[in-house]
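As a plain string of letters, each chain reads:
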Amino acid sequence: SIYAHPLRNIDELCASIVRSHRETSQCRVEELQALRWKLFSREEIQAYQSKTVDEMWQHCAIQLTDAVQYVVEFAKRIPGFRMLSQNDQIALLKTGSMEVVLVRMSRYFNTENNTVFFDGKFAGAEVFKSLACGDLIAAVFDFAHDMCALKLTEQQIALFTALVLINADRPCLEDRGRVQRVQRNVELGLTHILHRDNQDNLLHKLYQRMAVLRSLCRLHIEKLHWFSQRYPLTAHSLFPPLYKELFA
Ligand SMILES: CNC(=O)[C@@H]1CCCN1C(=O)c1ccc(Cl)c(COc2cccc3c(C(F)(F)F)cc(C)nc23)c1Cl
């Protein structure tokens, strides 16, 4: 018929986004389940806490840059993303990649003991003390906790993170209309699988989480600027280049 079969297209769209998420999610939740009780010893925690501020920031920046690279790979595989102009792709990643890292962090979070997978083991907030930004870490942990409470499936996380990235309201987009068309398809995909999972009620909660994400990432970028003012050498020479491209 002259009308594409939306359901078939939407099913294919969901399947390709879920596949991309699985291929670019650094580690599977089953692997992390096996490690959930691997905690840092007192000595190991001491070692992290006696790092200098810029040593710890540098250490985290490397982890975050690694995570951001996987998000860039995920974005490139979202149907329609590569049809956008280079500038629009970078603009969406500049603002959305840290938000996706935050959502993905919740997959690595253990709500039973408030620990998150970091450097091969599960770490409590005290491990990050030497970063000298307790408010940022507390906000990261709180957000991860709230995301875990929604008990999203991998498929729901895949569609949700695709929607976090493909956001036509982002600043300085050249062709907003084109981003809107890709965003609408991803929205259809998310509502389709939430309906299929009989969890339509989750949709408004996910939109609320997106608003929280935006404020959280504003805090992060402020912290990043504070850090790069205070430790210009580390920030400008040691941070991996992609990090600077995306966040500087
Ligand atoms: C499984 N682990 C993970 O998911 C995360 C992301 C990928 C690797 N990784 C960690 O190792 C990790 C896990 C938990 C925490 Cl709390 C951290 C430390 O997080 C940060 C320290 C410094 C700055 C951070 C900033 C800032 F400000 F730069 F934007 C922003 C975010 C969001 N996190 C920061 C890290 Cl780096």
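Residues numbered from 1 in each chain as written. Predicted model: local features only at pLDDT ≥ 70, side-chain atom pairs only at ≥ 80, totals over all residues. Heavy atoms only, no water.

1. Quick word on the packing of aromatic side chains
For any pair of aromatic rings, the description consists of the separation of the ring centres together with the inter-plane angle of the planes.
Then, number 1: Scanning all chains against the criterion turns up nine aromatic pairs.
Then, number 2: Here a set of aromatic residues connected by ring pairs shows up, and it is made of Phe40, Tyr48, Phe109, Phe118, Phe128 and Phe141.
Then, number 3: Here the basic side chain of Arg104 rests over the ring of Phe74, its NZ or CZ set 5.2 Å away from the ring centre. (Phe/Tyr/Trp six-rings, centres within 6.5 Å; stacked < 30°, edge-to-face > 60°. Lys NZ or Arg CZ within 6 Å of the ring centre and 35° of its normal.)

2. Examining the packing of helix H5 (residues 86–105) against helix H9 (residues 202–230)
Then, number 1: Running from amino to carboxyl end, H5 crosses H9 at an angle of 110°, the nearest separation of the two axes being 10 Å. Regarding the angle of H5 to H9, the classification is roughly perpendicular. Here H5 and H9 pass one another in a crossing that is right-handed. Residues Met98, Glu99, Leu102 and Val103 of H5 touch H9, and the partners they reach there are Leu213, Arg214, Leu216, Cys217 and His220. (Axes fitted to C-alpha atoms, helices over the stretch in contact; angles between N-to-C directions. Helix = DSSP H or I, 4+ residues; strand = E, 2+ residues; numbered from the N terminus. Parallel < 35°, antiparallel > 145°, perpendicular 65-115°, else oblique. Left-handed = near helix turned anticlockwise from the far one by under 90°. Contact = heavy atoms within 4.5 Å.)

3. Here we look at the side chain of Lys223
Then, number 1: Tracing the chain through its elements places Lys223 in helix H9.
Then, number 2: Ignoring any residue separated from it by four or fewer positions in sequence, one finds Lys223 in contact with Trp57, Cys133, Asp135 and Leu136.

4. Quick look at the confidence of the model for the chain
If pLDDT is low for a region, its predicted coordinates should not be looked at in detail.
Then, number 1: When the pLDDT values of the chain are averaged, the result is 90; 92% of them are 70 or greater.
Then, number 2: Here the predicted complex scores 0.92 on pTM and 0.95 on ipTM. (pLDDT = per-residue confidence, 0-100.)

5. Remarks on the environment of Gln183
Then, number 1: Looking at the secondary structure, you find Gln183 in helix H8 (residues 176–196).
Then, number 2: Relative accessible area serves as the criterion here: at 14%, Gln183 is assigned to the buried category.
Then, number 3: Distance from Gln183 to Phe81, taken between C-alpha atoms, is 9.5 Å for residues 102 residues apart in sequence.
Then, number 4: Each residue touching Gln183, except ones within four places of it in the same chain, is listed here: Leu163, Ile166, Asn167 and Ala168. (Buried < 20%, exposed > 50% of the residue type's maximum accessible area, 1.4 Å probe, protein only.)

6. Quick notes on the pairing of strand E2 (residues 115–118)
Then, number 1: Pairing of strand E1 (residues 109–110) with E2 involves two bridges; the strand directions are antiparallel. Residue pairing across strands places Phe109 opposite Val116, the latter belonging to E2.
Then, number 2: The antiparallel hairpin formed by E1 and E2 contains four residues in its connecting segment, where Asn114 sits at a positive phi of about 55°.
Then, number 3: Two elements, E2 and strand E3 (residues 121–123), share three bridges in a ladder whose sense is antiparallel. (Pairing = 2+ DSSP bridges.)

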